[in-house]
Amino acid sequence: MNTYKLKIGKLERELPIIKIKDDLAIASFVILGDTELITSAAPLIAQGLRDIEVIVTAEAKGIPIAYEVSKQLGMKNYVVARKSIKPYMKDPIVEEVFSITTQKKQVLCLDKKDGDSIKGKRVAIIDDVISTGESLKTIESLVKKAEGIVAAKAAILAEGDAAKRKDIIYIEKLPLFKVDKDGNINILE
């Protein structure tokens, strides 16, 4: 098994399966540059969001879906949690995260201006894929530190055990894959 066929609405994508540990592989889902997929997925996510005032996402793969969902909901802007403190940031809010896809510790941060823009507002956290939930938890912590109210958590895909969660909105499930000692790859049940 070298690829996994994913269906989102009427679209199909053939995702390459990438080994990330000796015994674990993932279907690589990269939305950057896939305008067709983003414009198809955004309305499906937007319909599940109610009374949202602000969308927050993490840099970088969540940006296109956050942009398109914010357009669908008629919002003027959205907030991006950056992966490093930028020189222009004044009094940033910072949290550490360990993501399955980057395989290392990173930071996510909000500029004070962005933090102020979500204070007291109902926030939807949006990402491309929710897997372990670590990035989601980190963004949730940033939103709470900025005194925003996490009203919804959404993604295009829920990977592995994330698909069992009742607190997230997602369009499709994405399985994880087991790599056996001979290098064979099978869907992890």
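Fair warning: this is a prediction, and the values are worked out from it, not measured in the lab.

### With respect to the sheet that holds strand β11 (residues 176-179)
Phase 1: Across the sheet, 5 strands lie side by side as β1-β2-β3-β11-β12; this open sheet has antiparallel pairing. The outermost strands of the open sheet, each flanked by one partner alone, are β1 (3-8) and β12 (185-187). Strand-to-strand, the axes of this sheet are offset by a mean angle of 35°, without reference to chain direction.
Phase 2: Pairing analysis gives 4 bridges linking strand β2 (residues 11-21) to strand β3 (residues 24-27), with the strands arranged antiparallel. Note that in β3 the partner of Lys19 across the bridge is Ala25.
Phase 3: Packing of helix α1 (residues 35-46) onto the sheet brings it into contact with β1 and β2, and relative to β2 it is tilted by some 105°.

### Structural notes on the pairing of strand β8 (residues 122-130)
Phase 1: Taking burial as the measure, the 9 residues of β8 include 8 buried ones, the bulk of the element.
Phase 2: Here strand β4 (residues 54-58) runs beside β8; their pairing, made up of 3 bridges, is parallel. By the bridge assignment for β8, Val54 is matched with Val123.
Phase 3: Bridge analysis of β8 against strand β9 (residues 149-159) gives 8 bridges, and the strand direction is parallel. Note that in β9 the partner of Val123 across the bridge is Val150.
Phase 4: Running through helix α4 (residues 134-145), the crossover from β8 to the neighbouring parallel element β9 is right-handed.

### Here we look at the pairing of β1
Phase 1: Covered by surrounding structure in β1 are Tyr4, Leu6 and Ile8 only, the residues Thr3, Lys5 and Lys7 on the alternate face being uncovered.
Phase 2: As paired elements, β1 and β2 share 6 bridges and run antiparallel to each other. Bridging across to β2, Lys7 finds its partner in Glu12.
Phase 3: In sequence, β1 turns back onto β2 through a hairpin of 2 residues, with Gly9 there showing a positive phi of about 60°.

Definitions and limits used
Residues numbered from 1 in each chain as written. Predicted model: local features only at pLDDT ≥ 70, side-chain atom pairs only at ≥ 80, totals over all residues. Heavy atoms only, no water. Pairing = 2+ DSSP bridges. Helix = DSSP H or I, 4+ residues; strand = E, 2+ residues; numbered from the N terminus. Axes fitted to C-alpha atoms, helices over the stretch in contact; angles between N-to-C directions. Contact = heavy atoms within 4.5 Å. Buried < 20%, exposed > 50% of the residue type's maximum accessible area, 1.4 Å probe, protein only. Right-handed = clockwise from strand over helix to strand, strands pointing away.

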